[in-house]
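Descriptive analysis of the structure
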Amino acid sequence: MDTYLGLDYGGTKLLIGEVDSQGQVLQSKRYDTGTLTQNEAVELLKTSLRDYLHTMGVQGELKGAGIGIVGVTDHQNGRWISISHEVTGPAIPLARIIEDETGVPAAVDNDVRSATTGELLWGHGRGVENFIYINVGTGVAAGFVTGGQVLRGANNNAGEVGHMCVSLGDETPCVCGRKGCVETIVSGTGFTTQYLRLREQVPDTRLELNARGRVDADKLFRLADAGDALAKRIAEYGMDVLAALIMNLVRVTDPELIILGGGVVSDGWVLERLRPRMNAATMRGVSKGIVLSAFNAYETGVIGAAATGMQLAKERAEK
Ligand SMILES: [Zn+2]
């Protein structure tokens with residue numbers, strides 16, 4: 001059985017797992033990450049990968065590996081440019097590092113484009129030539145598949161739709177330097193930003209920050225359902241903005257299908273609120289509709305990373 005190793009490196013965890021050629025996760029192991037510099041992250045990756053291979057071993061015949069990682073990546077050359085929006089040092093040859101540890105071809109991509117590749121090979125995007133995968137989690141980003149190919153752009157930055165300005169009157173500043181970005185309104189960080197901005201205006205609320213200083217999306221939605229004024233305002237505003245984003249994107253690439261992924265959308269509450277907000281004329285060509293990712297949210301990153309590894313291994317084998 002051919003298998004592929006997937007490494008999902010995010011802000012809180014590194015999940016390493018082995019995936020078969022049908023996209024089934026055979027085994028996985030979690031490592032904590034946290035706030036690290038790019039070089040510290042590379043060291044953690046190496047030691048974790050060694051630990052994984054030593055303690056978990058390999059169940060099938062490993063043919064390729066992939067890593068989906070935060071920040072800016074250079075998929076073409078297998079390099080990791082930076083851990084955040086800011087470039088702080090030379091690009092790291094991450095593919096080569098993983099190839100040295102595993103002995104198989106390794107691919108590097110950012111987390112959301114990896115997840116998009118996972119959808120294309122093994123998810124709802126299988127056999128769909130044109131779709132958009134939208135991830136709503138801590139932030140917001142999208143992966144575009146047009147003509148069966150994942151769009152990357154000149155600087156591997158295509159899909160940063162969380163920084164599309166959809167609320168022109170909104171003065172909330174964003175980390176990117178603009179105001180009224182999607183991500184400052186409808187995301188894990190956006191809900192928190194809006195809570196801090198609006199709680200003086202709407203003081204009658206049971207919504208509060210959790211131990212990590214964040215608004216918990218599940219709690220926000222439950223309170224909104226219960227009629228809590230502040231929760232309702234933040235959640236409704238978020239849904240209006242997300243609906244506007246999706247319809248704007250539909251006008252750009254003319255997809256057949258929209259797939260939603262990420263922690264904020266995983267329980268279906270969001271999808272239920274989005275559907276009535278969709279304009280029928282705009283969505284007419286989206287014949288397969290809007291669906292939730294079929295992958296378990298915890299494993300999506302590993303599945304996507306393994307998918308990029310499988311794609312690269314097949315490309316190399318064809319050469
Ligand atoms: Zn922004």
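Here is what the cut-offs are and how they apply
Each chain carries its own residue numbering, running from 1 in the written order of its sequence. For this predicted model, a pLDDT threshold of at least 70 governs which residues receive local features, and a threshold of 80 or more governs which side-chain atom pairs are given and counted, while totals over whole chains, interfaces and linings are taken from all residues. One requirement defines pairing of two strands: DSSP has to find at least two bridges between them. Secondary structure is summarised from DSSP: a helix means a run of H or I of at least four residues, a strand means a run of E of at least two, and numbering begins at the N terminus for each. Convention adopted: a line fitted to C-alpha atoms gives each axis, helices being fitted over their contacting stretch, and angles between N-to-C directions are expressed from 0 to 180 degrees. Note on contacts: each residue gets a C-beta atom placed from the backbone, and two residues are in contact if those atoms are within 7 Å. Marked domain ranges trace back to an automatic or database domain assignment. Polarity classes work like this: nonpolar for Ala, Val, Leu, Ile, Met, Phe, Trp, Tyr, Cys and Pro, charged for Asp, Glu, Lys and Arg, and polar for all others, with Gly in that last group. Working rule for helices: expected span equals 1.5 Å times residues minus one. Here a residue counts as buried when 20 or more other C-beta atoms sit within 10 Å of its C-beta, as exposed when there are 12 or fewer, and as partly exposed otherwise, the C-beta atoms being derived from the backbone. Each direction from the helix axis to a C-beta atom contributes to the arc, which is the arc of those directions.

1. Section: the sheet that holds strand β4 (residues 61–69)
Reading across the sheet, the five strands line up as β3-β2-β1-β4-β7 and stay open at both edges, with mixed pairing between neighbours. Lying at the two open borders of the sheet, with one neighbouring strand each, are β3 (25–32) and β7 (106–110). On average, each strand axis in the sheet is inclined to that of its neighbour by 15°, with strand direction left out of account. Sheet analysis places strand β1 (residues 2–9) next to strand β2 (residues 13–20), joined by seven bridges and oriented antiparallel. Bridge pairing links T3 to D20 in β2. Its contacts with the sheet put helix α2 (residues 94–102) on β1, β4 and β7, and the angle it makes with β7 is roughly 140°. Sitting on the sheet, helix α3 (residues 111–122) touches β1, β4 and β7, and the angle it makes with β7 is about 115°.

2. Observations regarding the pairing of β3
Pairing of β2 with β3, which is carried by seven bridges, proceeds in the antiparallel orientation. Across the sheet, residue L15 finds its bridge partner in β3, namely R30. Once β2 ends, the chain turns through four residues before running back antiparallel as β3, passing G23 with a positive phi of about 90°.

3. What to know about the domain arrangement of the protein chain
Taken as a whole, the protein chain is organised into domain 1 (2–122 + 298–318) and domain 2 (131–292). Inter-centroid distance (C-alpha atoms) of domain 1 to domain 2 is 26 Å. Facing the 14 residues of domain 1 at the interface are 15 residues of domain 2. Those elements that place two or more of their residues in the side of domain 1 that touches domain 2 are β5 (72–74) and α3. Among the residues making up the side of domain 1 that touches domain 2, the classes are represented as four nonpolar, seven polar and three charged.

4. Quick look at unusual backbone geometry
Within the chain, N156 stands out as a residue other than glycine whose phi angle is a positive 60°. Within the secondary structure, N156 sits in the loop between β10 (149–150) and α4 (188–198). Look at D254: it is not a glycine, yet its phi comes out positive at around 55°. Structurally, the position occupied by D254 is in the loop between α6 (229–253) and β11 (257–261).

5. Remarks on helix α1 (residues 38–55)
Spanning 18 residues, α1 covers 25 Å between terminal C-alpha atoms, matching the ideal 26 Å at 1.5 Å per step. Where α1 is concerned, the buried positions are A41, L45, S48, L49 and Y52. Down the axis, α1 shows its buried residues gathered within 105° of arc, on one side only. In α1, those exposed residues whose orientation departs by more than 90 degrees from the buried face are N39, E43, T47, R50, H54 and T55. Immediately beyond the C-terminal end of α1, within one or two residues, lies G57, with a positive phi of roughly 70°.

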